[in-house]
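Below, each chain spelled out in residue letters.
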Amino acid sequence: MEALFAVTLGLLTASGVYLLLRARTFAVVLGLTLLSYAVNLFLFAMGRLSGDVAVLGQGGSPADPLPQALVLTAIVIGFAMTAFVVVLALRGVANLGNDHVDGRAQQERAP
């Protein structure tokens, strides 16, 4: 299970960084979203993956609620920030006529 988490974290991070390096606004927004998912999964994994953790009130040592609370808070904040950045990107497309990061359309390559 830990290997699956590690591979998923690596793929999410690599995909997020690749999309961040693109020159289009919506690819950058998607890359930031993927990176936030990777961070959320990392925080969740810090709560130690184990299937034998006791539920509250059933004895044993209960699961640590802090990583779960951090991930829940990060999901809510990430959703709000993603909505804001998408609206900001749509406004930039409406004003500039393209979705290039620096506001200039890519120049056509000479044959």
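If you look the chain up in an unreviewed UniProt entry, it shows as Na+/H+ antiporter subunit C from Aquipseudomonas alcaligenes. The chain has a UniProt comment under Sequence similarities (unreviewed entry) that states "Belongs to the CPA3 antiporters (TC 2.A.63) subunit C family." UniProt's Subcellular location (unreviewed entry) comment on the chain is quoted here verbatim: "Cell membrane".

A. Geometry of the overall build of the chain. From N to C terminus, the chain includes three helices and zero strands. Going from N to C terminus, the chain has its helices and strands arranged as α-α-α. Across the 111 residues of the chain, 19% fall into the buried class. As presented, the chain carries roughly 8,300 Å² of accessible surface, and 68% of it is formed by carbon and sulfur atoms.

B. Representation of the UniProt feature "transmembrane region" (unreviewed entry) in the chain. UniProt annotation of "transmembrane region" (unreviewed entry) refers to residues 26–49 and 69–90 when read in the numbering used here. Strand forms 0% of residues 69–90 and helix 100%; the C-alpha atoms that close the span are 32 Å apart.

C. Quick peek at helix α1 (residues 2–20). In this model α1 runs 27 Å from its N-terminal to its C-terminal C-alpha over 19 residues, within 8% of the 27 Å that 1.5 Å per residue would give. Those residues of α1 that sit buried are F5, L9, L12, G16 and L19. For α1, the angular spread of the buried residues around the axis is 110 degrees, confining them to a single face. Structural note: α1 exposes A3, L11 and Y18 on the side pointing more than 90 degrees away from its buried face. Considering only its buried residues, α1 is in contact with α2 (25–45).

D. Molecular detail of the packing of α2 against helix α3 (residues 65–96). Interaxial distance between α2 and α3 falls to 10 Å at its minimum, and their mutual angle equals 180 degrees. The orientation of α2 relative to α3 falls into the category roughly antiparallel. Of the residues in α3, those in contact with T25, F26, V29, T33, N40, L43 and F44 of α2 are P67, Q68, L70, V71, A74, I75, T82, V85, V86, A89, L90 and V93. Of the residues belonging to the contact of α2 with α3, the class tally is 14 nonpolar, five polar and no charged.

E. Main features of α2. Taking 1.5 Å as the rise per residue, α2 with 21 residues should run 30 Å; its terminal C-alpha atoms sit 30 Å apart, in good agreement. Regarding α2, the residues found buried are A27, V28, V29, G31, T33, L34, A38, N40, L41 and A45. Each element contacted by the buried residues of α2 is listed here: α1 and α3.

F. Layout of the nonpolar core. One finds F5, L9, L12, L19, A27, L34, A38, L41 and A45 forming the largest nonpolar core, which totals nine residues. Among the elements of the structure, α1 and α2 are those that each provide at least two residues to this core.

G. How the structure looks around the environment of R22. Tracing the sequence through the fold places R22 in the loop between α1 and α2. When the C-alpha positions of R22 and V101 are compared, they lie 8.5 Å apart, and in sequence the two are 79 residues distant. If we ignore the near neighbours within four places in the chain, the residues touching R22 are A27, V28 and V101.

Quick notes on the rules
Residues numbered from 1 in each chain as written. Predicted model: local features only at pLDDT ≥ 70, side-chain atom pairs only at ≥ 80, totals over all residues. Heavy atoms only, no water. UniProt positions renumbered as here; feature names shortened; annotations may be inferred. Helix = DSSP H or I, 4+ residues; strand = E, 2+ residues; numbered from the N terminus. Buried < 20%, exposed > 50% of the residue type's maximum accessible area, 1.4 Å probe, protein only. Areas by Shrake-Rupley, 256 points an atom, 1.4 Å probe, with all protein chains shown as cover. Expected span 1.5 Å × (residues − 1). Arc of directions from axis to C-beta. Contact = heavy atoms within 4.5 Å. Axes fitted to C-alpha atoms, helices over the stretch in contact; angles between N-to-C directions. Parallel < 35°, antiparallel > 145°, perpendicular 65-115°, else oblique. Nonpolar A, V, L, I, M, F, W, Y, C, P; charged D, E, K, R; others polar. Core = buried A, V, L, I, M, F, W, Y, C linked by side-chain atoms within 4.5 Å.

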